[in-house]
Amino acid sequence: MPGAGGILPGDGKKEYPGNLTPFVTVTCIVAAMGGLIFGYDIGISGGVTSMEPFLDKFFPEVSRKMNATATEKVNQYCKYESQTLTMFTSSLYLAALLSSLVASPVTRTFGRRLSMLAGGLLFFAGAIINASAKVVWTLIIGRVLLGFGIGFTNQSVPLYLSEMAPYRFRGALNIGFQLSITVGILIANVLNYFFAKIKGGWGWRLSLGGAMVPALIITVGSLVLPDTPNSMIERGQHEEAKIKLRRIRGVEDVEQEFRDLVAASEASRQVEHPWRNLLERKYRPHLSMAILIPFFQQLTGINVIMFYAPVLFNTIGFKSNDSLMSAVITGSVNVAATVVSIYGVDKWGRRFLFLEGGVQMLICQAVVTAAIAAKFGVSGVLADKLPQWYAIVVVLFICIYVAGFAWSWGPLGWLVPSEIFPLEIRSAAQSINVSVNMIFTFIVAQVFLMMLCHMKFGLFIFFAFFVCVMTVFIYFFLPETKGIPIEEMGRVWKTHWYWSRFVTENDFQIRGLEMGNGGQGVLKNV
C-alpha cells in the first residue's frame, strides 16, 4: 500500500518505527558474549604453543629446536614446524565446520537460543578435557569439542543479533560479536603472559582450563535471553512474537514490521529444501557473498597473527616473555580498533570500512615483509641479537595491520553475510558462511608453519596478494547495506550493476500481511 506503513514517498524505502531500547541493548550485549569463546580460543592456542613446559610435555622436538644454541644455526622460519602441533590448533576448526552443518537445522527448527546453549555446553566440556590432558590425543579430543561449541555459537549469535537489532543500529550491535571475539583474544593473551610465569610449568593448564569461564557465560546467557521475533514466528508463535516485538522496539506500532516478518516466514515455510534453494539463480548474489567474504577474510593472513602471534614474534627473534607481551599489545589494538568499527559502521557504511581496511593491511604487509626479509633473508638464520628499533618497527606495523582488519574485515566478515540473507534461506546460508570460514581457518592453521618454513618471508607476499584481490572484489561487487531493514535487503541486488542480471522485479518482493474481514490474514505485495 503506497504511502502507508512507513514507506517513504519516492524511493520505496521502508522505515519501521522503533528505538534502541535498554532491553534490546542488554540483550544484544549478552548474546554477543558468544564471541568470547571463539576469541579466547584464538588467543590461548598461540600462547600455550610458545610455552616451553607445554612443548616439553607434548611436542619435545619443537622444544628442542626452540632451545637450540647459537652454534646450531637453527632456521628461524622452521623451528616450529610440526604437523602434530598444527593439528592441535587446526583440529578445532575442522570440528567447527562439521558442527555448523548440524547447527543450521537446529537453529531453524528450535531457535537461536538452543544453538547458543549447545555451543556453550560443548565448549565447556572441551575446556575440562584440555586442562586435564596428559597425552596429545586427549588434547585433540578436547579441541574437537571446543570446535563443536564454536560451530554452534558462530552459527546462531550473528543471526540473533541481526534479527534483534533495530535496522538503523544493526551494524553496531552485530559488531558486538566481533568485539567479544577481540576481548576474548586479549584476555587470553594477558592470561598467557602471567600463567607462563608460574613456577612448576603448569600454567598452560590454567590457560586451557580458563575457557570454562566464557563457556559458562554464553551457557547461562542462552538460558535467560528471549528468542527473536523472527524465530518465534518461524515456529508459529505469532501472538508471543508481536508482544516481544513491541517490547524490543519500545513502541506499540509494530504492525508493518510484524506483517513483513510473518510474510517472510510464510515464504520460508514454502521452501522445503533451503540448501537446494541456495542454488537458484535469484540467490546467486547471496551464495557468492556467503562463500567469498569468509574465504577472503581468512586469506588476509590475520589468523597467522592471532593464532601464532607469540610463535611469530618468537620466530623473528623475541624472547618467550617478550613474544607473549607483544601478543598482548596486538590484542589491545584489536579491541580498540573494533570499537572504532562499532562507531563507524552505521555512519560511514560497510563498503568504506572494507576498502580502507584492505589498503591499510596491504601497506603494512609490504613493510613487515621487507623488515623480515632484510633481517633473516632466505636462510632464516639470525646472525646477531635483534635490535630494539627493529623489534619496535615490526610490532608497530603488525599493530597497524591488526587495526585495519579489526575495523573492517574482522567484524564485517560476520555482519554482512548475516544481514543479507532472506529468512527462507537464512539458516542454511549462514551455515555456508560459517563452514567456509572454518574450512579456510583450518587450512591456514594447518599449513601456516609449513608454509613459513618453505616460503619464508614470501608467505606475507602470498597473503598480501589476496588482500589486494579482495579489496578489488568489494569495490566492484558488494553493494552498500547500511540502514536497510533486514527483510527489505533484496532491493540492494536489484539496483546493482552486476547482480541485477540474476534478480528480477518479482524476486524478493516485500510482502505484507493485510488484515481482512474476520481478522484473517491475506498475503499481498506492498
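By convention here, each chain's residues receive numbers from 1 onward along its written sequence. The model is predicted, so local features are restricted to residues of pLDDT at least 70 and side-chain atom pairs to those at 80 or more, both for listing and for counting; the totals for chains, interfaces and linings are taken over all residues. Each side-chain value is worked out from all heavy atoms of the structure, with water and hydrogens disregarded.

## Notes on the pattern of salt bridges
Where charged atoms from two side chains of opposite charge approach closely, those side chains can pair. Any carboxyl oxygen of Asp or Glu that lies within 4 Å of a side-chain nitrogen of Lys or Arg is treated as forming a salt bridge with it. In this structure the tally under the stated criterion is ten salt bridges. Note that Arg170 and Glu419 form a salt bridge whose closest N and O atoms lie 2.8 Å from each other. Here Arg170 is found in helix H8 (residues 170-195), whereas its partner Glu419 is found in helix H20 (residues 409-420), with 249 residues between them in sequence. In terms of burial, Arg170 and Glu419 fall into one category: buried. With a closest N to O distance of 3.0 Å, Glu257 and Arg249 form a salt bridge. Accessibility classification places Glu257 together with Arg249 in one group, the buried group. Three or more residues joined by partner-sharing salt bridges are found here, namely Arg170, Asp346, Arg350 and Glu419. Each helix is a run of DSSP H or I of at least 4 residues and each strand a run of E of at least 2, with the numbering of both proceeding from the N terminus. Summary of the burial criterion: residues with accessible area below 20% of their type's maximum are buried, those above 50% are exposed, and those between are partly exposed, where the area comes from a 1.4 Å probe applied to protein chains only.

## Quick word on the nonpolar core
Ranked by internal contacts, the top residues of the largest apolar core, which has 114 residues, are Phe54 and Trp409. In terms of residue count, helix H21 (residues 426-455) provides more of this core than any other element does, twelve residues in total. When residues no more than four places from it in sequence are discounted, the contact partners of Phe54 are Val48, Thr49, Phe59, Phe88, Leu139, Trp204 and Leu208. Here, nonpolar core means buried Ala, Val, Leu, Ile, Met, Phe, Trp, Tyr and Cys residues that are tied together by side-chain atoms lying within 4.5 Å of each other. Listed in part, the eight residues of the second largest apolar core include Ile233, Leu245, Phe258 and Leu261. Contacts between residues were defined by any pair of non-hydrogen atoms, one from each residue, lying within 4.5 Å.

## Here we look at the packing of aromatic side chains
Between 30 and 60 degrees the pair is tilted, below 30 it is stacked and above 60 it is edge-to-face, where a pair is any two Phe, Tyr or Trp rings, Trp via its six-membered ring, whose centres lie within 6.5 Å. Using the criterion set out here, one finds 32 aromatic pairs in the structure. Taken together, a centroid distance of 5.3 Å and an interplanar angle of 70° make the contact between Phe462 and Phe463 edge-to-face. The buried category is assigned to Phe463, whose relative accessible area is 4%. Ring centres 4.9 Å apart and planes at 75° place the aromatic pair Tyr498 and Trp499 in the edge-to-face group.

No statement about biological role is implied by the geometric values presented.
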